[in-house]
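Each chain is listed here by its residues.
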Amino acid sequence: MSGFLAVLVVVLIFVVIFQIAKASEYVSILKGEKKARQQSNRVNGTLLIVFLVLGLIGVYYCHDVLSAKFLFLSASEQGEGIDNMIVWTLAITGVVFVITQILLFWFSFKYQEKEGQKAFYFPHNNKLELIWTVIPAIALTILVAIGLRHWFRITSDAPKEAAVIEITGKQFNWLIRYPGKDGQLGRKFFKNINDANNPVGQDWDDQLNKDDFMATEMHMVVGKPVKLIIGSRDVIHDVGLSHFRLKMDAVPGIPTTLWFTPKYTTAEMKVKTGNPDFVYEISCDQMCGSGHYSMKANIVVETQEEFDAWTAKQVAQYGVAHPAPAAPEAPAADSASAEKTVAVNAGK
Ligand SMILES: [Cu+2]
């Protein structure tokens, strides 16, 4: 019923607008064409000024309402540069936006056709063309160059002391692998993938794999660079690290890398944001399928001691894939015959 009413209202509005247009057409015929045009210019010119003022108030209002949703401060050293770049980009484009909008609407109002005012024919001016082509081109080139500098920084070789973490996207979650004590990740092969005990396809013949462990949360040490090795098992995903101001595509078959240095521990961020439930998160930035919403993982940034304590509790994936055989039953009273039984059993 309400749907029908809505359609009815829309139709009625159209009918009213049509009738008004028709009536004003008759009025202009009666008044004479020039006079009618000047009158409509005056109305449109005034509406443009109203639109300008309301528009600028709207821009300010949106900023006021939404500024509480800004992502607070950057939680990585590299992210600070990116924040700076965004502030500069917004400042430059913002100033240009305000000036051009004011001129656009004010000029339309001021130079409208009226009695005693004739338009000045001004088809071309080389100097002006040059100014408004060259200056924006230089400004944009500088902004792009700054962006590239940041890009090269986060995708360059990580510092030697950087911790290595591998993160693999799959529909629909993240698989996180740590290199274990040796600091090196073992080989993997896609045919070994098995959701029961080998989700990234580790090659068990590679000794480097013996101490690699999988985690559901990503843990990292504050102030210590982290290198992420990013991959995907199926479609393209994207490691979005909004608190650190970074993101990188996870592409099947082509590992991508990214490094950064976390600046604040999770506990520090809880205090800084005034939010006791604060958690850093990884969220997928590609619409990768119907379960996309579940592609979220938490990051814990902590001190070295906390990190070491956490690492000590982790179980190598090799151990998960190769559980130790059950302990033999307690030996019988006659240990010699028990040994024999074991030997016979083993021989079978
Ligand atoms: Cu995804």
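Everything quoted here is computed from the prediction, not taken from an experiment.

A. Layout of the overall build of the protein. The helix and strand tally for the protein stands at eight helices and ten strands. Its C-alpha atoms give the protein a radius of gyration of 33 Å, clearly above 20 Å, the size a compact globule of 348 residues would have. Each principal axis of the C-alpha distribution contributes one length, and for the protein these read about 125 × 60 × 40 Å. A buried classification covers 27% of the 348 residues belonging to the protein. Here the contacts in the protein between residues at least 6 apart in sequence split such that 70% fall between residues at least 24 apart. Total accessible area on the protein is roughly 23100 Å²; 66% of this is exposed by carbon and sulfur atoms.

B. Expanded view of the sheet that holds strand S4 (residues 218-221). Spatially, the five strands line up as an open sheet ordered S4-S10-S9-S6-S7, and their pairing is mixed. Single-partner strands in this sheet number two, and they are S4 and strand S7 (246-250). Pairwise comparison of adjacent strand axes, ignoring direction, gives a mean angle of 25° for this sheet. In the sheet, strand S6 (residues 237-241) pairs with strand S9 (residues 280-284) via two bridges, with the strands oriented antiparallel. Within S9, the position partnered with Val239 by the bridge is Cys284.

C. Inspection of the environment of Asp157 at higher detail. Looking at the secondary structure, you find Asp157 in the loop between helix H4 (126-155) and strand S1 (163-170). On the basis of relative accessibility, which here comes to 73%, the residue Asp157 falls in the exposed class. Placed 70 residues apart in sequence, Asp157 and Lys227 show a C-alpha to C-alpha distance of 8.9 Å.

D. Quick peek at a nonpolar patch on the surface. There is a patch of nonpolar side chains on the surface, built from Val59, Val95, Phe97, Val98, Ile99, Ile102, Leu103, Trp106, Phe107 and Tyr111 and spanning about 900 Å² of accessible area. It is helix H3 (residues 77-110) that provides the largest number of residues to the nonpolar patch, a total of eight residues.

E. Layout of the packing of helix H2 (residues 33-66) against H3. With their axes 7 Å apart at the nearest point, H2 and H3 run at an angle of 160° to one another. Accordingly, the angle class assigned to the pair H2 and H3 is roughly antiparallel. At the point where H2 passes H3, the crossing takes the left-handed sense. Contacts between H2 and H3 involve Gly45, Thr46, Leu48, Ile49, Phe51, Leu52, Leu56 and Val59 from the former and Phe97, Gln101, Ile102, Phe105, Trp106, Ser108 and Phe109 from the latter.

F. Examining the layout of surface pockets more closely. There is about 470 Å³ of room inside the largest pocket. Looking at the largest pocket, it is lined by 15 residues, and the ones nearest its centre are His63, Phe70, Ile86, Val87 and Leu90. When residues of the lining of the largest pocket are traced back to their parent elements, those giving at least two are H2 and H3. If you tally residues by element for the lining of the largest pocket, the top one is H3, at eight residues. Taken together, the residues of the lining of the largest pocket sort by class into ten nonpolar, three polar and two charged.

G. Representation of the packing of aromatic side chains within the structure. All chains considered together, the criterion is met by 13 aromatic pairs. Summarising the aromatic geometry, the rings of Trp106 and Phe109 are spaced 5.7 Å apart at their centres and angled 35° between planes, so their arrangement reads as tilted. A residue pair is termed a helical-turn pair when its members lie 3 or 4 positions apart in one helix, as Trp106 and Phe109 do in helix H3 at three residues. The class for Phe109 is partly exposed, based on a relative accessible area of 28%. Between Phe213 and Trp310, the ring centres sit 5.7 Å apart and the planes meet at 70°, which makes this aromatic pair edge-to-face. Of the two residues, Phe213 sits in strand S3 (residues 213-215) while Trp310 sits in helix H6 (residues 304-313), which places them 97 residues apart along the sequence. According to the relative accessible area criterion, Phe213 is buried, its value standing at 4%. Three or more aromatic residues joined by ring pairs form one cluster here, namely Tyr178, Phe213, Phe307 and Trp310.

Definitions and cut-offs
Residues numbered from 1 in each chain as written. Predicted model: local features only at pLDDT ≥ 70, side-chain atom pairs only at ≥ 80, totals over all residues. Heavy atoms only, no water. Helix = DSSP H or I, 4+ residues; strand = E, 2+ residues; numbered from the N terminus. Rg over C-alpha atoms; globule rule 2.2 N^0.38 Å. Buried < 20%, exposed > 50% of the residue type's maximum accessible area, 1.4 Å probe, protein only. Contact = heavy atoms within 4.5 Å. Areas by Shrake-Rupley, 256 points an atom, 1.4 Å probe, with all protein chains shown as cover. Pairing = 2+ DSSP bridges. Axes fitted to C-alpha atoms, helices over the stretch in contact; angles between N-to-C directions. Patch = residues over 30% accessible without salt bridge, like charges linked within 9 Å, V, L, I, M, F, W, Y side chains within 5 Å. Salt bridge = Lys/Arg side-chain N within 4 Å of Asp/Glu carboxyl O. Parallel < 35°, antiparallel > 145°, perpendicular 65-115°, else oblique. Left-handed = near helix turned anticlockwise from the far one by under 90°. 1 Å grid on protein atoms, 1.4 Å probe; cavity = no way out; pocket = protein on both sides within 12 Å on 5 of 7 lines; lining within 4 Å. Points joined across faces, edges and corners; volume = space filled by probe spheres on them. Nonpolar A, V, L, I, M, F, W, Y, C, P; charged D, E, K, R; others polar. Phe/Tyr/Trp six-rings, centres within 6.5 Å; stacked < 30°, edge-to-face > 60°.

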